[in-house]
Amino acid sequence: MAAVAEGLEPEAAATEDDAQDAVDAVGAVDAEPGDPPLLVGSRLSLDLYPGGCQRLRHLCARQSPQLLEVQFMQLSSHEDPRLLETTLAQVPCSLRHLRSLVLRGGQQRDVLGACLRGSLTTLPAGLSGLTHLAHLDLSFNSLETLPGCIPQMHGLSTLLLSHNHLSELPEALGALPALTFLYVTHNCLRTLPKALGALSTLQCLDLSQNLLDTLPPEIGGLSSLTELNLASNRLQSLPASLAGLRSLRLLVLHSNLLTSVPTSLAHLPLLTRLDLRDNQLRDVPPELLDAPFVRLRGNPLGEAPPALPSPPGTPTIPEMPRLFLNSDLDSFLVTPQGCSVTLACGVRLQFPAGATATPVSIRYRLRLPEPRLVPLGPHDSLLSHVLELQPHGVAFQQEVGLWLLFVPPRARRCREVVVRTLNDDSWSDLETHLEEETPKRLWAHCQVPHFSWFLVVSRPVSNACLVPPEGTLLYSSGHPGVKVTFPPGATDEPRQVYMQVVRVASGELRALLEEPGAAASPLLCLSQSGPPSFLQPVTVQLPLPPGVTGLSLDRSCLHLLYRTPPEATWDDITTQVALELTHLYARFRVTHFSWSVPPHPRSLGPSPQDSRPGRTHAQPRRYWLWYTAKTRVEGLARKAWERLRLHRVSLIALQRRRDPEQVLLQCLPLSKVDATLRRLLERYRGPEPSDTVEMFEGEKFFAAFEKGIDVDADRPDCVQGRVCFVFYSHLKNVKEVYVTTTLDRQAQAVRGQVGQVGREPQAAWAEARTLSPTSSHPQVSFYRGAVPEDVPEEAEAARHRKGTDSPWMATLPIKLPRLRGSKAPGQGQGTSLSLAPLNLGDAETGFLTQSNLLNVAGRLGPDWPAVALHLGMPYRELQRIRHEFRDDLDGQIRHMLFSWAERQAGQPGAVGRLVQALEQSDRLDVAEEVRAVLELGRQKYEDSIQRTGLAPLDPSASPSPESAQA
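Note that this is a predicted model, so its numbers are computed, not measured. (Residues numbered from 1 in each chain as written. Predicted model: local features only at pLDDT ≥ 70, side-chain atom pairs only at ≥ 80, totals over all residues. Heavy atoms only, no water.)

A look at the overall build of the chain
Then, in step 1: Scanning the chain from terminus to terminus reveals 20 helices and 50 strands.
Then, in step 2: Among the 966 residues that make up the chain, the fraction classed as buried is 49%.
Then, in step 3: Excluding contacts between residues fewer than 6 apart, the proportion of contacts in the chain whose partners are at least 24 apart in sequence is 61%.
Then, in step 4: Just so you have it, the chain exposes about 44700 Å², and 52% of that area is on carbon and sulfur atoms. (Helix = DSSP H or I, 4+ residues; strand = E, 2+ residues; numbered from the N terminus. Buried < 20%, exposed > 50% of the residue type's maximum accessible area, 1.4 Å probe, protein only. Contact = heavy atoms within 4.5 Å. Areas by Shrake-Rupley, 256 points an atom, 1.4 Å probe, with all protein chains shown as cover.)

Right under this line is the structure:
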């Protein structure tokens with residue numbers, strides 16, 4: 001046979017005979033009856049199954065006229081090297097019009113799941129005769145030198161050489177006049193040819209992940225270059241000729257050894273991003289330091305240069321290790337040497353040398369905020385999630401630096417940002433310094449002596465002083481006119497006094513009182529430690545309300561109010577104190593702070609200033625000076641104080657355009673509604689936002705789907721079809737859920753009984769899904785408070801009264817289309833899928849069961865190919881799944897997800913990779929649901945460990961935030 005004449009093995013000859021039988025099919029070359037066609041139109045795909053070289057040799061031997069039409073060919077390089085070289089030598093004669101040639105490896109993986117390189121080490125010289133070739137992909141191969149035929153392919157515009165063993169590029173590469181895209185990532189390049197600068201048409205050049213330590217000056221001759229990636233090399237400096245890249249838009253230089261950068265980079269006219277992260281830059285030109293397109297994170301900016309080398313024999317101090325944790329890791333080890341750690345959530349920690357005497361394992365968890373974990377005062381705003389660092393209560397020998405990312409507060413006047421932590425059964429505020437990386441990326445930096453729970457809040461500016469027996473003066477740094485004077489002898493032992501002043505908008509007060517001349521002073525909050533009474537009268541000074549002076553005011557219109565427990569009402573004490581008026585101020589004296597105030601029913605607990613560790617405090621006393629013609633102002637003051645703490649928001653309910661069963665629910669401040677809708681309406685559609693609703697910081701509310709609709713998920717934040725929310729004005733109050741109708745749930749029940757009644761799952765599902773929805777006007781309503789046991793389907797009575805005390809807030813319509821199911825057996829060619837039981841993860845970090853994976857599969861919809869690619873699935877496998885289940889979308893999704901899960905079973909980090917792939921595919925709703933399932937599993941595991949007595953007892957561990965607030 002011909003194979004024997006070619007010197008091939010008998011097994012190869014047998015393969016040729018099998019392939020020859022398949023070639024006889026006219027118009028489509030199939031390996032087997034069920035395989036996808038290999039030759040379709042102008043595309044020849046030989047990389048889907050083994051034996052691609054043999055199939056190509058037979059096609060060339062038959063001189064099929066279809067080969068003259070082929071313009072795109074894919075061939076796996078996982079073949080015998082001799083057979084591969086012999087086969088490629090026949091390509092120029094048989095495929096004369098070839099425009100794209102893909103000879104990639106990477107289709108096979110080793111036992112650890114890493115891509116294997118192909119066997120290609122060179123190319124036949126005859127390939128230079130492919131005069132129409134414009135695209136050549138040789139990635140994931142074993143090339144050590146560039147094949148000599150490539151510089152002779154003068155029509156080549158795209159050359160992909162990533163993941164090879166190239167140590168250099170030849171000077172002849174500059175002879176490619178049409179080259180536009182050149183990718184040589186993940187190789188061993190140490191130098192670049194000078195002729196590279198002659199590629200005048202080159203637009204994209206990617207040389208990342210190599211060993212380059214210098215760049216030739218000729219690189220500045222790439223006049224058409226728009227993207228240049230030199231990340232992860234060994235560059236210490238850059239040539240000044242980079243200023244000649246006048247078309248450059250993207251320059252990536254992160255993870256190098258750069259100590260300086262040319263100032264001329266700031267003057268490139270089209271540059272939109274300059275990535276200089278993780279280098280050795282201690283100083284950069286001012287033009288680059290202030291440029292918004294420059295990324296400088298991870299550089300020792302402003303630090304002193306390293307000391308000169310020590311004399312011989314001097315012991316060297318090792319450099320502090322730097323750790324960067326990905327989303328798969330939730331713990332790390334700290335040694336006495338110290339380390340700098342960046343967590344996957346963006347939090348940074350710095351353990352100085354000597355912070356621990358022995359190695360300590362640190363664990364962290366970023367929790368979603370909820371009232372039992374978040375201690376907020378009446379005028380505080382939450383700016384971050386809750387960070388838990390373990391082990392709790394373990395004291396460090398040196399304080400640990402902590403940097404928390406937070407959302408920039410919208411109001412900054414007379415307010416401050418602090419880190420709040422749990423310490424000795426009480427919450428306290430740490431001394432906090434703010435660091436700004438960009439205007440929208442801010443850090444709260446503090447020093448912590450031990451680990452517990454941490455969060456970032458915005459609060460009114462707080463001032464404090466220690467009152468000695470000699471007396472002192474306490475004044476507000478935000479409102480200098482607010483003062484408290486303690487005379488000598490006011491106390492016989494030192495006591496701590498705290499002050500907060502809250503600004504009041506006069507316009508809102510006038511609107512509430514319907515009185516143009518009404519005004520109010522700032523609201524004064526005072527708290528103290530020690531005995532409630534003072535031995536001498538204490539003088540309190542408040543500024544007169546705006547627009548009012550002591551010379552022109554009507555004293556009958558002046559009201560001094562304070563808030564008193566337990567009724568939590570405001571009382572007018574004007575007649576109980578002697579008001580002394582000056583031109584600008586009002587003063588009065590008190591001998592005790594007797595008006596302690598409990599938290600408002602809607603507030604989340606005592607103000608952190610009221611629970612300083614080691615001290616006993618009364619709750620804050622609030623003084624308020626009003627000027628109004630009203631005579632009964634106590635009730636109006638209660639409403640005005642509530643309005644100070646209310647946020648005006650709108651509620652939205654949108655449905656994804658490609659999948660209307662996916663509903664996005666969000667609560668937005670009025671200032672963000674228009675901008676958010678402009679961004680979302682590209683992918684979503686739905687009714688107009690609700691009318692304005694007023695909500696308190698940290699207030700609970702829930703969304704209830706009504707009139708036959710339910711939430712199609714088993715979520716920890718969902719109770720009988722009602723989704724729980726907690727409103728925080730600076731955080732994203734958004735959730736995405738899948739909804740289902742009554743008939744959908746009946747279909748799921750039918751599907752669950754298939755094993756008993758003997759029906760096919762696809763047929764039962766199709767029968768139920770082809771029915772119409774049960775209701776013509778489905779809707780979602782929003783209610784205040786925690787989820788009750790029962791919510792009326794209509795709740796019409798609640799809609800007659802609207803306000804902060806009304807449970808109902810808004811109702812928005814939901815439109816569900818007629819749901820279409822899969823075809824019954826016999827109507828399509830999809831292959832049924834048998835799902836083997838499996839679990840991803842572990843008991844400690846949480847499991848994803850087969851049921852969880854089925855829920856995930858049911859929500860991916862048309863987005864499943866993007867998720868599969870981000871999971872690392874080869875594109876050829878996607879094509880195979882699409883063909884095998886070509887009439888069954890559900891089958892495609894389940895087969896992709898479960899085949900990936902079976903390969904990942906038992907491997908660490910699989911669940912983290914799934915969450916990351918969902919986020920990269922813009923399916924944050926499913927990613928959040930997976931995280932919630934894992935969190936629920938972790939909690940159940942911890943509870944079971946404690947019940948069985950297997951949990952280690954740590955007497956030094958601090959209590960939970962729940963018990964601290966009990």
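Having seen the structure, we can now continue with the description.
Overview of unusual backbone geometry
The general pattern is negative phi for most residues beyond glycine and trans for most peptide bonds.
Then, in step 1: With an omega of 5°, the peptide bond running from Gln390 to Pro391 counts as cis.
Then, in step 2: Among the structural elements, Pro391 can be located in the loop between β19 (386-390) and β20 (400-406).
Then, in step 3: Phi at His186 is positive, roughly 55°, even though this residue is not glycine.
Then, in step 4: Judged by its relative accessible area of 35%, His186 is partly exposed.
Then, in step 5: If you check the backbone angles, Ser232 has positive phi at about 55° while not being a glycine.

Considerations on helix α9 (residues 670-680)
Then, in step 1: Taken together, the buried positions of α9 are Val673, Thr676, Leu677 and Leu680. An end-on view of α9 places all buried positions within 100° of arc, on one side of the element. Looking at α9, the residues exposed on the side facing more than 90 degrees away from the buried face are Ser671, Asp674 and Arg678.
Then, in step 2: Where α9 is buried, its residues touch β38 (646-656), β39 (662-669) and β40 (684-685). (Arc of directions from axis to C-beta.)

Details of the sheet that holds strand β47 (residues 779-784)
Then, in step 1: One open sheet accounts for five strands, arranged β44-β45-β42-β47-β48; its pairing is antiparallel. The outermost strands of the open sheet, each flanked by one partner alone, are β44 (718-719) and β48 (808-813).
Then, in step 2: Bridge count between β47 and β48: five bridges; the pairing is antiparallel. For Ser781, the partnering residue across the bridge sits in β48 and is Thr811. (Pairing = 2+ DSSP bridges.)

A look at the nonpolar core
Then, in step 1: Within the largest apolar cluster, 77 residues are counted, with the highest numbers of intra-cluster contacts made by Leu44, Met73, Leu123, Leu136, Leu228 and Leu274.
Then, in step 2: Counting only elements with at least two residues in this core, the list comes to β2 (43-46), α3 (52-62), β3 (72-75) and α4 (81-89).
Then, in step 3: Ranked by residue count, the leading element in this core is α3, at four residues.
Then, in step 4: When sequence neighbours within four positions are dropped, the list of residues in contact with Leu228 reads Leu205, Ile219, Leu242, Leu245, Leu248, Leu250, Leu251 and Val252. (Core = buried A, V, L, I, M, F, W, Y, C linked by side-chain atoms within 4.5 Å.)

Notes on the pattern of salt bridges
Then, in step 1: Taken as a whole and judged by the stated rule, the model has 17 salt bridges.
Then, in step 2: The partner of Arg459 in a salt bridge is Asp429, and the shortest N-O contact between them spans 2.3 Å. Residue Arg459 is located in strand β25 (residues 453-460), and its partner Asp429 is located in strand β22 (residues 426-430); the two are separated by 30 residues in the primary sequence. Here Arg459 matches Asp429 in class, with each residue buried. (Salt bridge = Lys/Arg side-chain N within 4 Å of Asp/Glu carboxyl O.)

Quick word on helix α17 (residues 889-904)
Then, in step 1: Spanning 16 residues, α17 covers 23 Å between terminal C-alpha atoms, matching the ideal 22 Å at 1.5 Å per step.
Then, in step 2: For α17, the buried fraction is high: twelve of the 16 residues fall into the buried class.
Then, in step 3: The complete set of buried residues in α17 reads Gly891, Gln892, Ile893, Arg894, His895, Met896, Leu897, Phe898, Ser899, Trp900, Ala901 and Gln904. (Expected span 1.5 Å × (residues − 1).)

Some details on the packing of helix α14 (residues 850-860) against α17
Then, in step 1: Between α14 and α17, the shortest axis-to-axis distance is 9 Å and the interhelical angle comes to 140°. For the element pair α14 / α17, the angle class is oblique. In this structure, α14 crosses over α17, and the sense of that crossing is right-handed. Between α14 and α17, the residues in contact are Gln850, Leu853, Leu854, Val856, Ala857 and Leu860 and Ile893, Arg894, Met896, Leu897, Phe898 and Ala901, respectively.
Then, in step 2: Here the residues of the contact of α14 with α17 are counted per class, giving ten nonpolar, one polar and one charged. (Axes fitted to C-alpha atoms, helices over the stretch in contact; angles between N-to-C directions. Parallel < 35°, antiparallel > 145°, perpendicular 65-115°, else oblique. Left-handed = near helix turned anticlockwise from the far one by under 90°. Nonpolar A, V, L, I, M, F, W, Y, C, P; charged D, E, K, R; others polar.)

Overview of a positive patch on the surface
Then, in step 1: There is a patch of like positive charges on the surface, built from Arg410, Lys440, Lys672, Arg679 and Lys732.
Then, in step 2: Relative to the assigned elements, Lys440 resides in the loop between β23 (433-438) and β24 (441-448).
Then, in step 3: Its relative accessible area of 77% is what places Lys440 among the exposed residues. (Patch = residues over 30% accessible without salt bridge, like charges linked within 9 Å, V, L, I, M, F, W, Y side chains within 5 Å. Lys, Arg positive; Asp, Glu negative; His and termini not counted. Charge placed at Lys NZ, Arg CZ, Asp CG, Glu CD.)

Section: the sheet that holds strand β12 (residues 294-295)
Then, in step 1: Strand order in this open sheet of twelve strands is β1-β2-β3-β4-β5-β6-β7-β8-β9-β10-β11-β12, and the pairing throughout is mixed. In this open sheet, the two edge strands, each paired with only one partner strand, are β1 (39-40) and β12.
Then, in step 2: Relative to strand β4 (residues 100-102), β3 runs parallel, the two being bridged by three bridges. By the bridge assignment for β4, Gln74 is matched with Val102.
Then, in step 3: Strands in contact with α3 are β2 and β3; relative to β2, the strand with the most contacts, it is inclined by about 140°.

Description of the packing of α3 against α4
Then, in step 1: It is the contact of α3 with α4, at a shortest axis distance of 10 Å, that shows an interaxial angle of 30°. Relative to α4, the element α3 lies roughly parallel. Here α3 and α4 pass one another in a crossing that is left-handed. Residue-level inspection shows Cys53, Gln54, Leu56 and Arg57 of α3 in contact with α4, the latter providing Leu83, Leu84, Thr86 and Thr87.
Then, in step 2: Across the contact of α3 with α4, the residue classes break down as four nonpolar, three polar and one charged.

Focus on the pairing of strand β32 (residues 533-543)
Then, in step 1: Pairing analysis gives three bridges linking strand β28 (residues 483-486) to β32, with the strands arranged antiparallel. Pairing of Thr485 across the sheet is with Thr539, part of β32.

Some words on the side chain of Gln541
Then, in step 1: In this structure, Gln541 sits in strand β32.
Then, in step 2: Looking at Gln541, the relative accessible area reads 7%, which means it is buried.
Then, in step 3: Here the side chain of Gln541 touches Arg587 through a polar contact of 2.8 Å, side chain to side chain.
Then, in step 4: Filtering out sequence-adjacent residues up to four positions away, Gln541 remains in contact with Gly481, Val482, Lys483, Tyr585, Ala586 and Arg587. (Polar contact = N/O pair within 3.5 Å; in protein donor to acceptor, adjacent residues only side chain to side chain.)

Looking at the confidence of the model for the chain
Then, in step 1: Of all residues in the chain, 78% have pLDDT values of 70 or greater, and the mean over the chain is 77.
Then, in step 2: With pLDDT under 50 throughout, residues 595-617 is counted as low confidence; its partners more than four residues away or in other chains account for 82 contacts.
Then, in step 3: In this model, residues 948-959 is a region of pLDDT below 50 whose contacts with residues beyond four sequence positions or in other chains number 14 contacts. (pLDDT = per-residue confidence, 0-100.)

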